[in-house]
Amino acid sequence: MKFFRLIIFFLLAGLCIGGVKFFFELKRSVFWDLQRVNLVVVSHQSNKTAIISFSDKKGKIFVLPEEKQVEVVRGFGLYKLGKVFALGELEKKGGLLLKETVQENFKIPVFGYIFEENLDFSRLKKNFWPVKKKNRQTDLSFEDLLILFIKTKFIPEFSTENFREDQLEDNFVDADIRDEAIPVEILNGTEHQGLAQKAFLQWENIGGRVVRVADSNLEGQPECKILFTDKVRESYSLKIMKEIYDCKSEQAGEIQQGRVDLSLTLGENYWKKIREKW
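Residues numbered from 1 in each chain as written. Predicted model: local features only at pLDDT ≥ 70, side-chain atom pairs only at ≥ 80, totals over all residues. Heavy atoms only, no water.

S.K.: Which residues make up the overall build of the chain, and what are the values?
M.R.: If you tally the helices and strands in the chain, you get 9 helices and 13 strands. Computed over the C-alpha atoms, the radius of gyration of the chain is 21 Å, within 12% of the 19 Å expected from 2.2 N^0.38 for a compact globule of 278 residues. Counting only C-alpha atoms, the chain reaches 75 × 50 × 35 Å along its principal axes. Put simply, the chain has 278 residues, and 48% of those count as buried. If you take every contact in the chain between residues at least 6 apart in sequence, the share linking residues at least 24 apart comes to 67%. (Helix = DSSP H or I, 4+ residues; strand = E, 2+ residues; numbered from the N terminus. Rg over C-alpha atoms; globule rule 2.2 N^0.38 Å. Buried < 20%, exposed > 50% of the residue type's maximum accessible area, 1.4 Å probe, protein only. Contact = heavy atoms within 4.5 Å.)

Below, the structure is given as structure tokens:
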């Protein structure tokens, strides 16, 4: 009898430990805190590419123009948007190439992709169910999909419309970033022109407050870097900026004589991500 009690004890202890571990795995997902979710979805059967964007209890599906010429990242050059996934699949990275290309061309952060042979846009929420599917490709983890599945359950319906570049700020603003209104500077730490301007448009389109865009005094910086002041070290904006630009961060005493609380410097690694092939 004592033996069986010990067995039950260790089973229950294992379940508790496993549950705690899984909870912390969920909290590590960017989608745990993310207020505005943007994903790229592709349906091979209907030959459609779209951006899913949702926040709180409202969600939209923005169908992208398949015939639009876009500058494909990783140095591939100009292609029609509808051909980008297939182009990336030559390297078995179709979803990644499409996600990065959409993010760079339309100046909004994209946090993941889903490709399915017969993805049904009218029943979109079921596609987040976190089970393995033979005909699905995604860079989202089990934990990511589970969080998205739960969050989308609170959205009554996803409306569908064609994507319009003149309505970015109306449809893709992250309310938490907008409400924090942290003054940000964006610097180009490379010799490659235009990097800071692209990041400025991207941060502005999601509701960020950019007060300065310039070249860094230290060109040739190998990696992206974020400096932040003490008063924003626990901010939502800092967390999301690190996620979007994949940057290391460091606390600073004062930035630009106190006019800025977040400073993003783009380095060579960011340029290579846009321009160099795998």
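S.K.: Could you give an account of the sheet that holds strand S10 (residues 209–215), with specific residues and numbers?
M.R.: Spatially, S10-S9-S13-S11-S12 is the arrangement adopted by the 5 strands of the open sheet, whose pairing is mixed. Strands with a single pairing partner mark the edges of an open sheet, and in this sheet they are S10 and strand S12 (248–251). Adjacent strand axes in the sheet meet at a mean angle of 20 degrees when their direction is disregarded. Where strand S9 (residues 183–188) and strand S13 (residues 262–266) come together, 5 bridges link them in parallel fashion. Bridged to Ile-186 within S13 is Leu-264. The sheet contacts of helix H7 (residues 195–205) involve S9, S10 and S13, and relative to S9 the element is tilted by about 150 degrees. (Pairing = 2+ DSSP bridges. Axes fitted to C-alpha atoms, helices over the stretch in contact; angles between N-to-C directions.)

S.K.: Could you give me a rundown of the packing of H7 against helix H8 (residues 236–245), with the residues and numbers involved?
M.R.: Where H7 meets H8, the closest approach of the two axes is 13 Å, and the angle between their N-to-C directions is 135 degrees. Comparing the axis directions of H7 and H8 gives the class oblique. The interaxial crossing formed by H7 with H8 has right-handed handedness. Mapping the contact onto sequence places Ala-199, Gln-202 and Trp-203 in H7 and Ser-237, Met-241, Ile-244 and Tyr-245 in H8. (Parallel < 35°, antiparallel > 145°, perpendicular 65-115°, else oblique. Left-handed = near helix turned anticlockwise from the far one by under 90°.)

S.K.: Summarise the pairing of strand S2 (residues 48–55); cite the residues concerned and give the values.
M.R.: Of all 8 residues that make up S2, 7 are buried, and the element is covered over most of its length. In this structure, strand S1 (residues 37–43) lies alongside S2, joined through 7 bridges in antiparallel fashion. From the neighbouring strand, Val-41 faces S2, where its bridge partner is Ala-50. Counted along the chain from S1 to the antiparallel partner S2, the turn is 4 residues long, and its residue Asn-47 has a positive phi close to 55 degrees. Note that S2 and strand S3 (residues 58–63) share 6 bridges and pair antiparallel.

S.K.: Explain the side chain of Asn-205 to me, and be specific about the residues and the numbers.
M.R.: With respect to the helices, strands and loops of the structure, Asn-205 is situated in helix H7. Within the local environment of Asn-205, its side chain forms a polar contact with the backbone oxygen of Lys-107, the two atoms lying 3.0 Å apart. (Polar contact = N/O pair within 3.5 Å; in protein donor to acceptor, adjacent residues only side chain to side chain.)

S.K.: Just give me the short version of the nonpolar core, but keep the residues and values in it.
M.R.: In this structure, Phe-31, Val-102, Ile-186, Trp-203, Tyr-245, Leu-262 and Leu-264 are the most contacted members of the largest nonpolar core, which totals 75 residues. Once residues lying within four places of it in the same chain are set aside, the contact partners of Leu-264 are Glu-185, Ile-186, Leu-187, Ala-199, Cys-224, Lys-225, Ile-226, Met-241, Tyr-245 and Cys-247. (Core = buried A, V, L, I, M, F, W, Y, C linked by side-chain atoms within 4.5 Å.)

S.K.: Which residues make up the state of the cysteines, and what values go with them?
M.R.: Scanning all chains against the criterion turns up 1 disulfide. With its sulfur 1.4 Å from that of its partner, Cys-224 forms a disulfide with Cys-247. Taking the sign of the S-S torsion, about 60 degrees here, the bridge from Cys-224 to Cys-247 comes out right-handed. Of this pair, Cys-224 sits in the loop between S10 and strand S11 (225–228) while Cys-247 sits in the loop between H8 and S12, and the two are 23 residues apart along the sequence. (Disulfide = S-S within 2.5 Å.)

S.K.: Lay out H7 in plain terms, naming residues and giving numbers.
M.R.: Looking only at H7, the buried set comprises Leu-195, Ala-196, Ala-199, Phe-200, Gln-202, Trp-203 and Asn-205. Once H7 finishes, Gly-207 follows within two positions and takes phi at roughly 100 degrees, a positive value.

S.K.: So what's going on with the packing of aromatic side chains? Which residues, and what values?
M.R.: For the structure on display, the rule yields 8 aromatic pairs. Relative to Phe-24, the ring of Phe-23 has its centre 5.5 Å away and its plane inclined at 75 degrees; by these criteria the two rings are edge-to-face. We classify Phe-23 as partly exposed; its relative accessible area is 38%. For the ring pair Phe-54 and Phe-158, a centre distance of 6.0 Å and an interplane angle of 90 degrees mean the geometry is edge-to-face. (Phe/Tyr/Trp six-rings, centres within 6.5 Å; stacked < 30°, edge-to-face > 60°.)

S.K.: Help me get a handle on the pattern of salt bridges, residues and values and all.
M.R.: Counted under the stated rule, the structure contains 16 salt bridges. A salt bridge links Lys-248 to Glu-223, with the shortest nitrogen-to-oxygen separation between them at 3.5 Å. Here Lys-248, found in strand S12, pairs with Glu-223, found in the loop between S10 and S11; they are 25 residues apart in sequence, far enough to count as distant. The salt bridge involving Lys-231 is made with Asp-261; its shortest N-O contact spans 3.5 Å. Taken together, the positions of Lys-231 in the loop between S11 and H8 and Asp-261 in the loop between S12 and S13 put the pair 30 residues apart, joining distant regions of the chain. Residue Lys-231 is classed as exposed on the basis of its relative accessible area of 67%. A single salt-bridge network, built from bridges that share partners, covers Asp-230, Arg-233 and Glu-234. (Salt bridge = Lys/Arg side-chain N within 4 Å of Asp/Glu carboxyl O.)

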